[in-house]
Amino acid sequence: MATEVVRARHLAIPPSMFGIPFGIAALSGVWRISGDHWAALVADALAAVSALLTLALVVPWLIELLRHERVLAQDLRDPVVGPFVPVAAITPMLLSAALQERSDILARTLVAAFAFLTLVGGLFVVIAWLATSLPLSSYHPGFYLPTAGGALLTAQCVAAFDWLYLARTLFFIGVAAWLILGVVTSLRLTRTPLPPSLRPVVVIELAAPALASNTYLVVFNHYDQYAVALTATTAIMALVQVAIIPYFRGSSFGVAFWSAAFSISTTAALAVRWIDHEEPTRPALWVALALTLATGVVVLLTFATVSAVRAGRFFPVAPRSAPSD
């Protein structure tokens, strides 16, 4: 009997979903730098959740690639999911850096491996953009992730092992990428409005200066005029985000909202570092407020995600050919 091809539907794992464990890993980092023993336990628990989610999302995606059910080049060229491809390496890199207290050799090895994958992945994404000559209307704040985000986060991780020359080089590369893309994405946002499904990624405009500020403090350990300037830029962007909250309300909940997890967490981390340095009155209270804000955002996103999953509105579906007799 001739083989008849029928269309089946299956759950797809787009790279944009890698942002979920990425945001949780960032929250783990905030708890970890707060310095409290109980906070370290919370950080470890969050890191474990992030690691499990990373495996649950990245492994099926890799299997789809190996089975030729999806094409890596297409993911890299896609302006929506492409920026999230290197996040598959960024999240394990962040989690590996936290292993330094348990095993320095293991942490160094893993960070070096995932740092390499992060930078190479980011480079491939940029090459894919240039090769396809993406129009201005395709750019959005998510493009910070594989460029500025990858370089700056790698700088923080390698600085923990005293690879300072590499860390400082990556810091300047990351800041340059942030400034260049800042001009491009600003032009795009002023000329062509984002579709409702992509509006939540605008919160990454807050993550960029916050991440640059954190990286400067980690890599150079200077609370000087440059640190103040970067932090002031972050504060301004935070006020902008508050002002445009009605803009986000026009979007139905989806994975793009998880952009807020990393953005708010890295901003909270910046606040914790300044609190630790300035030692204001009742510092524990201020740190608790920062932790509560970042954790509250992730908790709200988690509840919204569970609700959307139960309603069948969260996971995208993709057609797949299946042979049938």
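This text follows the structure it describes.
Just so it is clear, the model here is predicted, and its values are computed rather than measured.

Each value, and the rule that gives it
Residues numbered from 1 in each chain as written. Predicted model: local features only at pLDDT ≥ 70, side-chain atom pairs only at ≥ 80, totals over all residues. Heavy atoms only, no water. Patch = residues over 30% accessible without salt bridge, like charges linked within 9 Å, V, L, I, M, F, W, Y side chains within 5 Å. Areas by Shrake-Rupley, 256 points an atom, 1.4 Å probe, with all protein chains shown as cover. Salt bridge = Lys/Arg side-chain N within 4 Å of Asp/Glu carboxyl O. Helix = DSSP H or I, 4+ residues; strand = E, 2+ residues; numbered from the N terminus. Axes fitted to C-alpha atoms, helices over the stretch in contact; angles between N-to-C directions. Parallel < 35°, antiparallel > 145°, perpendicular 65-115°, else oblique. Left-handed = near helix turned anticlockwise from the far one by under 90°. Contact = heavy atoms within 4.5 Å. Nonpolar A, V, L, I, M, F, W, Y, C, P; charged D, E, K, R; others polar. Buried < 20%, exposed > 50% of the residue type's maximum accessible area, 1.4 Å probe, protein only. Phe/Tyr/Trp six-rings, centres within 6.5 Å; stacked < 30°, edge-to-face > 60°. Expected span 1.5 Å × (residues − 1).

Caption draft 1: Layout of a nonpolar patch on the surface. A cluster of nonpolar side chains, Leu52, Leu55, Val59 and Ile63, forms an exposed patch at the surface whose accessible area comes to about 370 Å². Note that Val59 resides in helix α2 (residues 37-66).

Caption draft 2: Seen up close, the packing of helix α8 (residues 204-220) against helix α9 (residues 225-243). The geometry of α8 relative to α9 is characterised by a closest axis approach of 8 Å and an angle of 160° between their N-to-C directions. With respect to each other, α8 and α9 are oriented roughly antiparallel. Here α8 and α9 pass one another in a crossing that is left-handed. Facing α8, whose interface residues are Glu205, Leu206, Pro209, Ala210, Ala212, Ser213, Tyr216 and Leu217, α9 presents Tyr226, Ala227, Leu230, Thr231, Thr233, Thr234, Met237, Ala238 and Gln241. Split into classes, the residues belonging to the contact of α8 with α9 amount to eleven nonpolar, five polar and one charged.

Caption draft 3: Layout of unusual backbone geometry. The phi dihedral of His68 falls on the positive side, at around 60°, and the residue is not glycine. Here His68 shows up in the loop between α2 and α3 (72-77). You can call His68 exposed: its relative accessible area is 70%. The backbone phi angle of Arg282 is positive, close to 55°, even though this residue is not glycine. Relative to the helices and strands, Arg282 resides in the loop between α11 (259-278) and α12 (283-310).

Caption draft 4: Region of interest: the packing of aromatic side chains. The full count for this structure, using the stated rule, is 15 aromatic pairs. Note on Tyr139 and Phe143: the rings are 4.8 Å apart at their centroids and 50° apart in plane angle, and the pair reads as tilted. When sorted by exposure, Tyr139 lands in the same class as Phe143, which is buried. With centroids separated by 6.0 Å and ring planes inclined at 65°, the aromatic side chains of Phe172 and Phe220 adopt a geometry described as edge-to-face. Of this pair, Phe172 sits in helix α7 (residues 164-191) while Phe220 sits in helix α8, and the two are 48 residues apart along the sequence. A relative accessible area of 17% places Phe220 in the buried class.

Caption draft 5: Quick look at the side chain of Ser265. Its location among the elements puts Ser265 in helix α11. Note on Ser265: relative accessible area 0%, which makes it buried.

Caption draft 6: Highlighting the pattern of salt bridges. A complete count under the given rule lists five salt bridges for this structure. Asp75 serves as the salt-bridge partner of Arg70, at 2.8 Å between the closest nitrogen and oxygen. The exposure class of Arg70 is buried, given its relative accessible area of 17%. Notably, a salt bridge pairs Arg108 with Asp104, separated by 2.6 Å at the nearest N-O pair. One end of the pair is Arg108 and the other is Asp104, both in helix α5 (residues 104-132) and four residues apart, which spans about a single turn. Accessibility expressed as a relative area gives 31% for Asp104, which makes it partly exposed. Look at the salt bridges and you will find they share partners, linking Arg32, Asp44 and Arg102 into a network.

Caption draft 7: Representation of α5 within the structure. Its 29 residues give α5 an end-to-end C-alpha distance of 42 Å, which sits within 8% of 42 Å, the value for a rise of 1.5 Å per residue. Burial in α5 covers these residues: Ala107, Val111, Ala115, Thr118, Gly121, Gly122, Val125, Ala128 and Trp129. Packing partners of the buried residues in α5 comprise α3, α4 (87-97) and α6 (145-159). Following α5 by one or two positions, Ser133 has its phi on the positive side, about 50°.

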